[in-house]
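Chain by chain, the residues:
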Amino acid sequence: MPVALCATSHSPLIGLHDPAPEVRAEVDAEFAAARAFAEDFAPDLAVIFAPDHYNGFLYDMMPSFCVGAAATSVGDYGLPSGALDVDRDAAYAVAERVLASGVDVAVSEDMRVDHGFVQPLTFLFGSLTAVPVVPVFINCVAEPLGPAVRARHLGTAVGEALKEMDRRVLLIGSGGLSHDPPVPRLKEATPEVAERLTHGRDPSPEQRAQREGRTVKAASEFAHGGGALRPLNPDWDALVLRSLAAGDFAAVDGRSNEWFVAEGGHSAPEVRTWIAAYAALAAAGPYTVRSSYYRAIPEWLAGFATTTAVPLDGAA
Ligand SMILES: O=C(O)CCC(=O)/C=C/C=C(\O)C(=O)O
Ligand SMILES: [Fe+2]
């Protein structure tokens, strides 16, 4: 099974609250390179590990992991809405293999996904339906979270499942490194916000615009040095990138959930998506990182990184 990987940060602020034109151009060049990498590889299946931000997965039923057998984008932050081209047979094959390995993954026949899934798919493939996909949700924000090492176990099990399939698979990890965007937390929520985190699956256009406006305002304050969000942490981001490039998973997923938040902010656990994607790649054998881009971009509230990787044996 030929396999390759692209792991990238996402940010709902891309296009809505951009950094200086030269920084935006630098990231666009990196996205273009990642797109060329994906085109060269020509996958017939993409397996994407991504989080959600209370758009598809809420506290009425919050799994740690979920494989989508069918999925629809909610179209947040101006991104495309509509059905993804989910490979249902592949999704069930992956779920069965993961469950057999002892990782309790949920399955959804009606998964709603947000910018966490949609941005990498559109950046890499141009649309939500260009390449058949198996979407794999990882809860990265809704406390309580399980230990980060479970994301490695999930990724390994997915990688083992893929080895049994005769497919060309691009593994995608989607999530920030250090970042602390204004995602509400149940613990601190007012009754109104708690209700939204539990049942607010289909906000009105006005409610969505209000939410998105708040995120843009928070990013603007942060970029100007204000607000209460935690700072980005390029040193921690470098440690994560270095460790995953070296296959030293334990340096990251052996740490406590508190460590992630203290070092990288409340959304740093999104690194779980990278851990899972790299672990799925590692299941195919030793790998090497082909490209690694990083820049702290306060306007996007993100320690922003994009990496590509391939097996050492040239299977890609
Ligand atoms: O309801 C909202 O939109 C709250 C803000 C939010 O979800 C922000 C998300 C930010 C990221 O996904 C990110 O930087 O990773
Ligand atoms: Fe996110």
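Residues numbered from 1 in each chain as written. Chains lettered and ligands numbered in written order. Predicted model: local features only at pLDDT ≥ 70, side-chain atom pairs only at ≥ 80, totals over all residues. Heavy atoms only, no water.

**Notes on the nonpolar core**
- With 52 residues, the main nonpolar core has Val 47, Phe 49, Leu 154, Leu 162, Leu 171 and Tyr 278 as its most contacted residues.
- It is helix 10 (residues 271-282) that contributes the most residues to this core, nine residues altogether.
- In contact with Leu 171, other than residues within four places in its own chain, are Val 3, Ala 4, Leu 5, Cys 6, Val 47, Phe 49, Leu 162, Ala 277, Ala 280 and Leu 281.
- Phe 37, Cys 66, Phe 117 and Val 310 belong to the second largest nonpolar core, which has 29 residues in total. (Core = buried A, V, L, I, M, F, W, Y, C linked by side-chain atoms within 4.5 Å. Buried < 20%, exposed > 50% of the residue type's maximum accessible area, 1.4 Å probe, protein only. Helix = DSSP H or I, 4+ residues; strand = E, 2+ residues; numbered from the N terminus. Contact = heavy atoms within 4.5 Å.)

**Focus on helix 6 (residues 205-223)**
- With 19 residues, helix 6 extends 27 Å from end C-alpha to end C-alpha; this agrees with the ideal 27 Å at 1.5 Å per step.
- Where helix 6 is concerned, the buried positions are Arg 208, Arg 211, Glu 212, Thr 215, Ala 218, Ala 219 and Phe 222. The buried residues of helix 6 occupy an angular sector of 115° when the element is viewed end-on, so they sit on one face. Seen from the open side of helix 6, the exposed residues pointing more than 90 degrees away from its buried face are Pro 205, Glu 206, Gln 210 and Lys 217.
- Lining the buried residues of helix 6 we find strand 4 (71-74) and helix 5 (191-199).
- A positive phi of about 85° marks Gly 225, the residue just after helix 6. (Expected span 1.5 Å × (residues − 1). Arc of directions from axis to C-beta.)

**Section: the pairing of strand 11 (residues 302-311)**
- Of all the ten residues making up strand 11, ten are buried; the element is thus mostly covered by neighbouring parts of the structure.
- Bridge count for strand 10 (residues 287-297) against strand 11 is ten bridges, and the pairing is antiparallel. The partner of Tyr 287 across the bridge, within strand 11, is Pro 311.
- Once strand 10 ends, the chain turns through four residues before running back antiparallel as strand 11, passing Leu 301 with a positive phi of about 55°. (Pairing = 2+ DSSP bridges.)

**Some thoughts on helix 5**
- Along helix 5, the residues classified as buried are Ala 194, Leu 197 and Thr 198. Each buried residue of helix 5 lies within a common arc of 95° when the element is viewed along its axis, so the set occupies one face.

**Re the pairing of strand 1 (residues 3-8)**
- Counting buried positions over the six residues of strand 1 gives six, a clear majority of the element.
- Residues Val 3, Leu 5 and Ala 7 point to one face of strand 1 and Ala 4, Cys 6 and Thr 8 to the other, with burial holding for every one of them.
- Pairing analysis gives six bridges linking strand 1 to strand 9 (residues 169-174), with the strands arranged parallel. By the bridge assignment, Thr 8 is partnered in strand 9 with Ser 174.

**Notes on the pattern of salt bridges**
- By the definition in use, this model includes 17 salt bridges.
- Here Arg 185 makes a salt bridge to Glu 188, at a shortest N to O gap of 3.1 Å.
- Overall, Glu 188 belongs to the exposed group, its relative accessible area being 58%.
- Salt-bridge contacts for Arg 208 lead to Glu 212; the nearest nitrogen and oxygen are separated by 4.0 Å. Taken together, the residues span about one helical turn, with Arg 208 and Glu 212 both in helix 6 at a distance of four residues.
- Salt bridges sharing common partners tie together Glu 143, Arg 185, Lys 187 and Glu 188. (Salt bridge = Lys/Arg side-chain N within 4 Å of Asp/Glu carboxyl O.)

**With respect to the coordination of the iron ion (ligand 2)**
- For the iron ion (ligand 2), the protein coordination sphere consists of His 10 (NE2), His 53 (NE2) and Glu 270 (OE), at 2.1 Å.
- Mapped onto the sequence, the residues coordinating the iron ion (ligand 2) show the spacing H-x42-H-x216-E. Here Glu 270 lies in the loop between helix 9 (257-264) and helix 10 and His 53 lies in the loop between strand 2 (45-50) and strand 3 (65-68), a separation of 217 residues in the sequence.
- With relative accessibility at 10%, the residue His 53 sits in the buried group.
- Since its relative accessible area comes to 1%, Glu 270 is described here as buried. (Donors = N, O, S within 2.8 Å, 3.2 Å for Na, K, Ca; no water.)

**Quick notes on the layout of surface pockets**
- There is about 920 Å³ of room inside the largest pocket.
- Around the largest pocket sit 42 residues that line it, and Pro 181, Pro 182, Val 183, Pro 184 and Ser 267 are the ones nearest its centre.
- Elements that contribute at least two residues to the lining of the largest pocket include exactly helix 5, helix 6 and helix 9.
- Class assignment of the residues belonging to the lining of the largest pocket gives a composition of 18 nonpolar, eleven polar and 13 charged.
- Taken as a whole, the second largest pocket holds about 260 Å³ of empty space.
- Lining the second largest pocket are Glu 192, Val 193, Arg 196, Gly 200, Pro 203, Gln 207, Gln 210, Arg 211 and Arg 214.
- Residue assignment for the lining of the second largest pocket shows that the elements contributing at least two residues are helix 5 and helix 6.
- For the lining of the second largest pocket, the element with the highest residue contribution is helix 6, accounting for four residues. (1 Å grid on protein atoms, 1.4 Å probe; cavity = no way out; pocket = protein on both sides within 12 Å on 5 of 7 lines; lining within 4 Å. Points joined across faces, edges and corners; volume = space filled by probe spheres on them. Nonpolar A, V, L, I, M, F, W, Y, C, P; charged D, E, K, R; others polar.)

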